Amino acid sequence: MSSFPIKSMRQKIPAVEGRGIISSINPKLIILLVKITFVLLICGSSYLAGSLWGRHSLELHGAPLSVESLVRGGTARDAADTECKQTREKWIELRVQEELEQHKEYLLSGENMRDPNQFHSHTKRFPTSVERFATGIARVKKDDLDALFDFGNPVEKGAGTGNEDAIIIYNVRNAMPTSNKSLAHAIEYDDGEGIPLTDPRTATENCDGMNVIFTGNPEHTAQCTALIGNYESYHIQRWMRTDGGKIDHNLPLTHVSRGFAPRGKSNFYAPPYDGKNSQVKRHWKMLLTFLQNVDAVLEDLTPILKKVARNNAVVVMTCNHGQSALLMNFACSARRKGFDLGNVLVFPSDKETKELAEGLGLTTYYDEKNMGPLPSGGAKRYGDKYFTAMMYAKVICVLYPLMLNYDVLFQDVDVVYFKDPVTFFQNEPKIQHFDVLFQHDGSNTIRYAPYSANSGFYYVRANKRSQYLFTSLLYHSDLILTWDSHQQALVQLLAEHSSLFGLNVKVFSRDTEMFPGGYHFHNRHDFMKKFLQGKTDTYIFHMSWTENKDIKLLFLRQVNKLIAVYSVNNDVSGLHSFEHVMQRLLQLGEWYVEDKCIGSTASDILGSDGSLSLGDANLFEPCCAAEPIFSCHYKDKPSKLPCKDSITIDNTRKSFW
C-alpha cells in the first residue's frame, strides 16, 4: 500500500446548472398550498380566540368563555379541532412533497443523474461503528484513475475485465467532493442506485492524502480482504489456511509470507546462516571485498565515466566469456544500424570478455578485485552458479556510476536497438519525476508482485533515493544467492523503498509497444506480426522467458528485425542451453555475429599476429556480418519469413504464419 499526496492536483469542477426549484413544482401544488394556507389562518384565529376565552386558557371575570359557546354552543369546538387536525396533516404532506421536489433538483443538478424516485435521504452507506475510517464510497474508472495519477505500477487495462472500476472509500466527510452536491449525497447515503460513479478528479478534489492499495487474486483462491480501522499500516498481512503445505479448508487461517503460493511453496525465505555453503557468510565475504576496494574503484571510474557519459547518463552492461557472443551481437547489430555506442560502459568479469568488448570498440572497466573470482562460463540454466554469480556483478556495476552521480541505463548483453532508448528516458516529459523505470517482465506471478519489473532493462536517475536503493540491494545480496534471482530481490526492495522513502517507481505496461519482450514473443502473436511489419513504435525488444543464450540466437536469426533481446535473468519457459538463445536470435533475423567468432577469444579470432588496443574495434570486420543472418528453426515462433517446414518447440502451438 502506498500513501499518495494529491492536494496539489486538485482542480475544482464547476457544477452543472440545474433547474430552479420553483419552476419544477407542479402549478396544482401551488394552488393547493394557497388554499391550505387560507384555511390555516382561519383555524389559527379560531384557536387563538378559544385559547383566550375558553376553558383551555384564560378566565375573564371568573367566567370561562369561548367562540363556540357564543356561536355554536359547546359541541362546535370538537368539529373545529378535527378540521384543524386534518389541515395540519395536509400541510405536513405538502412539506414532504416540497422536500422531494428539492431533492429532485439536488440530484439532477450535477453530472451524475440519479433517479429521484429511488432516493432515500437518511440511510447512510456505512454505520456509525466504522465512521472513523469509512463514511462514504464512490467508484471511478481504473484506467482513468491511473491516467490521472500514474502510480507507477504496471496497471492492466480494466475495461471489460471485471476490474474496470476502482473503489474510493472516504475516511472523513470533508474528504468527499463538494463541487457536485448530488454526488456528495450519493457517496454518503444509499439512494438505491448502487455506488455512485464519477471521474477521478472530482472524486479526489478534497482528498489531502490518499492511500492506494493494489489487490488481486492471481492464484484464484477463495480470497477475502479485511479493512480494519486501527493504527496506520502500509503493509498488507497475508493469511491462508495452511500448515506450510497446500491450502486445506479444514485448517484455520494463519499468517504466512506474502510470497506464499496456494500450492504450498514459499517464494520468500530467510537466507541460512549455518552450513558449509551458507549464503549469509558468502555474502559477507563478497561484501568485505567490495568495501575494501570501493574507494579505489570509484577513483578509477571517475575519468572513464567523465569521458563516456552523455547528458550525464551512461549505458551499463556486464558480461562473462560464456555470454560474450551475445555482447558481440549487441555491438555488431547496433553499429550496423548506425547507433553510436560511445556512451556504453561494459564491466567484464574476465579478461577474455574485456578484450572482445574493446575489440568491438566498447569502453570497459575490469573490476578484478570484485569480479575476478566470478566464474567465466555461460549459464546452463536459470539460477545455476554461473547465473547467480553474474547477478552480483549486475548489482555493483549499476551502483558504481550512481555513487558518482551518473544516471544509468542498465541492459543485459543480449540487447539490440530500434531507437536509442536513452533519449526516451531523458526527454519524455511525463516520466521525468520517476526515479527508476523498468521494462515489464511479462510474468504476473506472486514472486514478482507488485511490480513485475524486469531487471534486465531499466533506467535509474541518480539521486539519494536511487543510490540507497542499490546500496540496499548490495547489502541484500544474500537474498540473491538464496533465491537464485537478482530480479526477485530487487522487486521486493522497490516495494519497500517506495513505501518507506517515497521512491518513485515506474514499470511500463506489458501492453506497451515501446519495450516488448519474451511475453510478446510467446503470447502476443498479433503484436509480433505488426512488429515484423514495422507497424509498431518500438525502441527495444527484450527476448525474455528464455533459460539461456542458445535458443535466443536461433530465434533472432529467424526474425529479420532489429531487436533488444532478453538476458538470462528472468523466468524460463522450458528451454535449454546456449543454442536456445541463438535459435531465437537467428529466427528473428537479428544475429550479426559470424560463426568463427562465437565462443572464441580475441587472440583466436585475430591469430598470433593480431594486436588489440582500446578503441581500435579491430574485431568488427571479421566478426560482424554486413546483413543479419537468418535461418528457420521453429514454425510456431515468430519469424521474419514463414518457417512452415520447421519443427514446433511448443507441442500445442500451430504455425506462426
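Residues numbered from 1 in each chain as written. Predicted model: local features only at pLDDT ≥ 70, side-chain atom pairs only at ≥ 80, totals over all residues. Heavy atoms only, no water.

Novice: Please give an account of the overall build of the chain that cites residues and values.
Specialist: Each helix and strand counted, the chain has 22 helices and 15 strands in total. Each of the 657 residues in the chain was classed as buried or not, and the buried ones make up 50%. Taking the intrachain contacts of the chain between residues at least 6 apart in sequence as the baseline, contacts between residues at least 24 apart amount to 73%. For the chain, the accessible area works out to roughly 32,000 Å², and carbon and sulfur atoms hold 53% of it. (Helix = DSSP H or I, 4+ residues; strand = E, 2+ residues; numbered from the N terminus. Buried < 20%, exposed > 50% of the residue type's maximum accessible area, 1.4 Å probe, protein only. Contact = heavy atoms within 4.5 Å. Areas by Shrake-Rupley, 256 points an atom, 1.4 Å probe, with all protein chains shown as cover.)

Novice: Residues and numbers for the packing of helix α14 (residues 464-475) against helix α16 (residues 486-501), please.
Specialist: At a minimum axis separation of 10 Å, α14 and α16 run at an interaxial angle of 140 degrees. With respect to α16, the axis of α14 lies oblique. Between α14 and α16 the crossing geometry is right-handed. In this structure, α14 contributes Arg465, Tyr468, Leu469, Phe470, Ser472 and Leu473 to the contact, and α16 contributes His486, Ala489, Leu490, Leu493, Leu494, His497 and Phe501. (Axes fitted to C-alpha atoms, helices over the stretch in contact; angles between N-to-C directions. Parallel < 35°, antiparallel > 145°, perpendicular 65-115°, else oblique. Left-handed = near helix turned anticlockwise from the far one by under 90°.)

Novice: Report on a nonpolar patch on the surface, specifying residues and quantitative values.
Specialist: Taken together, the side chains of Ile167, Ile169, Ile213, Leu227 and Ile236 make up a nonpolar region of the molecular surface, amounting to roughly 470 Å² of accessible area. Within the secondary structure layout, Ile167 lies in strand β3 (residues 165-170). Residue class for Ile167 comes out exposed when judged on its relative accessible area of 55%. (Patch = residues over 30% accessible without salt bridge, like charges linked within 9 Å, V, L, I, M, F, W, Y side chains within 5 Å. Salt bridge = Lys/Arg side-chain N within 4 Å of Asp/Glu carboxyl O.)

Novice: Mind laying out the packing of aromatic side chains, listing which residues take part and the relevant values?
Specialist: For the structure shown, the criterion picks out 27 aromatic pairs. Aromatic side chains Phe425 and Phe515 sit 5.7 Å apart centroid to centroid with 5 degrees between the ring planes, which places their arrangement in the stacked category. Of this pair, Phe425 sits in helix α13 (residues 421-427) while Phe515 is found in the loop between β13 (505-507) and α17 (518-523), placing the two residues 90 residues apart along the sequence. Residue Phe425 is classed as buried on the basis of its relative accessible area of 1%. Residue class for Phe515 comes out buried when judged on its relative accessible area of 3%. (Phe/Tyr/Trp six-rings, centres within 6.5 Å; stacked < 30°, edge-to-face > 60°.)

Novice: Run through the sheet that holds strand β11 (residues 436-440), naming residues and quoting values.
Specialist: Pairing in this open sheet of seven strands is mixed, and the strands run β9-β8-β7-β10-β12-β11-β13 from one edge to the other. Two strands bound the open sheet, and with one partner strand each, they are β9 (363-364) and β13. Note: β11 against β13, three bridges, orientation parallel. Along β13, the bridge assignment pairs Val436 with Val505. Along the sheet face, helix α9 (residues 324-336) touches β7 (313-319), β8 (344-348) and β10 (407-411) and points at about 150 degrees away from the line of β7. (Pairing = 2+ DSSP bridges.)

Novice: Which residues make up the state of the cysteines, and what values do they have?
Specialist: With the rule as written, the count across this model stands at three disulfides. Each disulfide pairs two cysteine sulfurs, and for Cys632 the partner residue is Cys643, the sulfurs being separated by 2.1 Å. Across the S-S bond of Cys632 and Cys643 the torsion is about -75 degrees, and the bridge reads as left-handed. Here Cys632, found in the segment after β15 (624-629), pairs with Cys643, found in the segment after β15; they are eleven residues apart in sequence, far enough to count as distant. (Disulfide = S-S within 2.5 Å.)

Novice: Before we move on, can you summarise helix α18 (residues 525-532) with the specific residues and values?
Specialist: Taken together, the buried positions of α18 are occupied by His525, Phe527, Met528, Phe531 and Leu532. For α18, the angular spread of the buried residues around the axis is 150 degrees, confining them to a single face. Where α18 is buried, its residues contact α17. Gly534 lies just past α18 and shows a positive phi near 75 degrees. (Arc of directions from axis to C-beta.)

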